[in-house]
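Examination of the molecular architecture
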Amino acid sequence: MANAAAPTAAVPTLAPPLEQIRHLAEELRLLIPGVRVGEALETTKEFNPETFWRRLNEAAVNVSREATTLTEVFSHLPLPSPQETQRFCEQVRAAIKAMIAVYYSLPKNQGITLRKLVRSTTLDIVDGMAQLMDALFMTPTQSSENNDLISYNSVWTACQQVPQIPRDNKAAALSMLTKNVDFVKDAHEEMEQAVEECDPYCGLLNDIEDNSDNHGDEEDDGLGYPNNRDLYWSEEDQELIIPCLALVRASKACLKKIRISVAENGKKDQVAQLDDIVDISDEISPSVDDLALSIYPPMCHLTVRINSAKLVSVLKKALEITKASHVTPQPEDSWIPLLINAVDHCMNRIKELTQNELEL
């Protein structure tokens, strides 16, 4: 018949609430690679720092609020309906994408170091929200663990870090240099402690040797009496450790002086030079770690020499870049030549003590 009702369009079936949560976690994780490599948006508008930081803080507050809301509605029965869950997920998705969009609005000319810090926090927030989605999907709704989600999940922690981000590239550079100083300081302290405890079985083994006449028929490698000399340093090893420790101390001194120079003389508008200083300074701590690991027994003197040379190369490059930058207004009267001499002295001593390794 002409007046017959037209067929009703099929309404798409929504996934169950927990499945929607799982899909959202997967979707958020797919955003992370793009944030890691994404470039700043090109715009003809003049950058307004106050507007940027206000938007970033607002975006973080919004993400935190959406995370709290989602946690609350999934912490008890009955679960929200598929339609309600879809709405909650759309709000979370929009909040995360708004956070990412604000990060993309920070131009490169504000400093690469600053952009890295904002990017790192943004990634922590996205990953933290994905972790929260995983927890809501995996954890039974009536579990006591749900009551603790708000307090321990990383998304809230990451959002709370946004107001602590440095507001300009000089402050960002100082933040990174301070972290590097702390890393090298920790490595130096660990090396010194290892040297002090170089032979933890020394007293025990000496007692065994003193009583050897009374126990001539007993084996020294019995249970509880290790005799693996690979656990200890030889006299040659201990002699080589001395200039290695001095080189790490010089590394710490270099970073401290670079940080002081940036703090006292660094200019906010010299973003490229500040970025160069931070980039090379970031290589010092990993190089110190490589040297520190190579001094543990059994020690390979050639490896120690190679790692020392790598560290010296990085230190000299960091000092030269700092010397050529605006943070060293009078390079001819600076502390830099003194530190270069100290580094060279350490390296020359290491070369002397490892020369035999090259002749084998």
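Residues numbered from 1 in each chain as written. Predicted model: local features only at pLDDT ≥ 70, side-chain atom pairs only at ≥ 80, totals over all residues. Heavy atoms only, no water.

Further remarks concern the packing of aromatic side chains. Taken as a whole, this structure holds 3 aromatic pairs when the rule is applied. A centroid spacing of 5.7 Å and a plane angle of 50° characterise the contact between Phe47 and Phe52, whose relative ring orientation is tilted. A relative accessible area of 21% means that Phe47 is categorised as partly exposed. Ring geometry for Phe52 against Trp53: centres 4.9 Å apart, planes inclined by 80°, an arrangement best described as edge-to-face. Each member of the pair Phe52 and Trp53 is classed as buried. Taken together, the ring pairs in this structure connect Phe47, Phe52 and Trp53 into an aromatic cluster. It is Arg87 that lies over the ring of Phe88; its NZ or CZ is 4.8 Å from the centre. (Phe/Tyr/Trp six-rings, centres within 6.5 Å; stacked < 30°, edge-to-face > 60°. Buried < 20%, exposed > 50% of the residue type's maximum accessible area, 1.4 Å probe, protein only. Lys NZ or Arg CZ within 6 Å of the ring centre and 35° of its normal.)

So, about the packing of helix α3 (residues 82-104) against helix α4 (residues 112-138). Contact pair α3 / α4: the axes reach a minimum separation of 10 Å and the direction vectors enclose 170°. Comparing the axis directions of α3 and α4 gives the class roughly antiparallel. Contacts from Val92, Ile96, Met99, Ile100 and Tyr103 in α3 reach Arg115, Val118, Arg119, Thr122, Ile125, Val126 and Met129 in α4. Residue composition of the contact of α3 with α4, by class: 9 nonpolar, 1 polar and 2 charged. (Axes fitted to C-alpha atoms, helices over the stretch in contact; angles between N-to-C directions. Helix = DSSP H or I, 4+ residues; strand = E, 2+ residues; numbered from the N terminus. Parallel < 35°, antiparallel > 145°, perpendicular 65-115°, else oblique. Contact = heavy atoms within 4.5 Å. Nonpolar A, V, L, I, M, F, W, Y, C, P; charged D, E, K, R; others polar.)

The next thing to look at is the nonpolar core. In summary, soluble globular proteins display a tendency toward joint burial of nonpolar side chains. The biggest cluster of nonpolar side chains holds 91 residues, and the ones touching the most others in it are Met129 and Met133. Of the residues forming this core, the biggest block, 12 residues, is contributed by helix α9 (residues 235-265). (Core = buried A, V, L, I, M, F, W, Y, C linked by side-chain atoms within 4.5 Å.)

Our focus in this paragraph is the side chain of Ser261. For Ser261, the location among the structural elements is in helix α9. Once residues within four sequence positions are removed from consideration, Ser261 is found in contact with Gly266, Val327 and Trp335.

Within the element layout of this structure, Leu132 appears in helix α4. With 107 residues separating them in the primary sequence, Leu132 and Ala25 have C-alpha atoms 8.2 Å apart. Apart from the residues lying within four places of it in its own chain, the contact partners of Leu132 are Ala67, Thr71, Asn153, Val155 and Trp156.

Under the definition given, this model contains 11 salt bridges. Notably, a salt bridge pairs Asp168 with Lys268, separated by 3.6 Å at the nearest N-O pair. Of this pair, Asp168 sits in the loop between α6 (154-161) and α7 (169-196) while Lys268 sits in the loop between α9 and α10 (271-281), and the two are 100 residues apart along the sequence. Taking the shortest distance from any N to any O, the salt bridge between Arg349 and Glu239 comes out at 3.0 Å. On the criterion of sequence distance, the pair formed by Arg349 in helix α13 (residues 336-359) and Glu239 in helix α9 is long-range, its members being 110 residues apart. The partly exposed category is assigned to Arg349, whose relative accessible area is 32%. Judged by its relative accessible area of 37%, Glu239 is partly exposed. (Salt bridge = Lys/Arg side-chain N within 4 Å of Asp/Glu carboxyl O.)

Put simply, Glu239 and Ile350 are 111 residues apart on the chain and 9.5 Å apart in space, counted from C-alpha to C-alpha. Discounting chain neighbours no more than four positions away, the residues touching Glu239 are Arg349 and Leu353. Among the polar contacts made by the side chain of Glu239, one reaches the side chain of Arg349 at a distance of 3.0 Å. (Polar contact = N/O pair within 3.5 Å; in protein donor to acceptor, adjacent residues only side chain to side chain.)

Together, Asp182, Asp186, Glu189, Glu190, Glu192, Glu196, Glu197, Asp289 and Asp290 make up a region of like negative charge exposed at the surface. Those elements that place two or more of their residues in the negative patch are α7 and α11 (284-294). For the negative patch, the element with the highest residue contribution is α7, accounting for 6 residues. With respect to the helices and strands, Glu196 occurs in helix α7. The class of Glu196 is exposed, set by a relative accessible area of 67%. (Patch = residues over 30% accessible without salt bridge, like charges linked within 9 Å, V, L, I, M, F, W, Y side chains within 5 Å. Areas by Shrake-Rupley, 256 points an atom, 1.4 Å probe, with all protein chains shown as cover. Lys, Arg positive; Asp, Glu negative; His and termini not counted. Charge placed at Lys NZ, Arg CZ, Asp CG, Glu CD.)

This brings us to the confidence of the model for the protein chain. When pLDDT is averaged along the protein chain, the result is 86; 83% of the residues meet or exceed 70. Low pLDDT, under 50, characterises residues 216-227; the stretch is placed with 9 contacts to residues that sit more than four places away or in other chains. (pLDDT = per-residue confidence, 0-100.)

It is worth spelling out unusual backbone geometry at this point. For the bond from Pro297 to Pro298, the omega torsion is -5°, close enough to zero to count as cis. With respect to the helices, strands and loops of the structure, Pro298 is situated in the loop between α11 and α12 (301-324).

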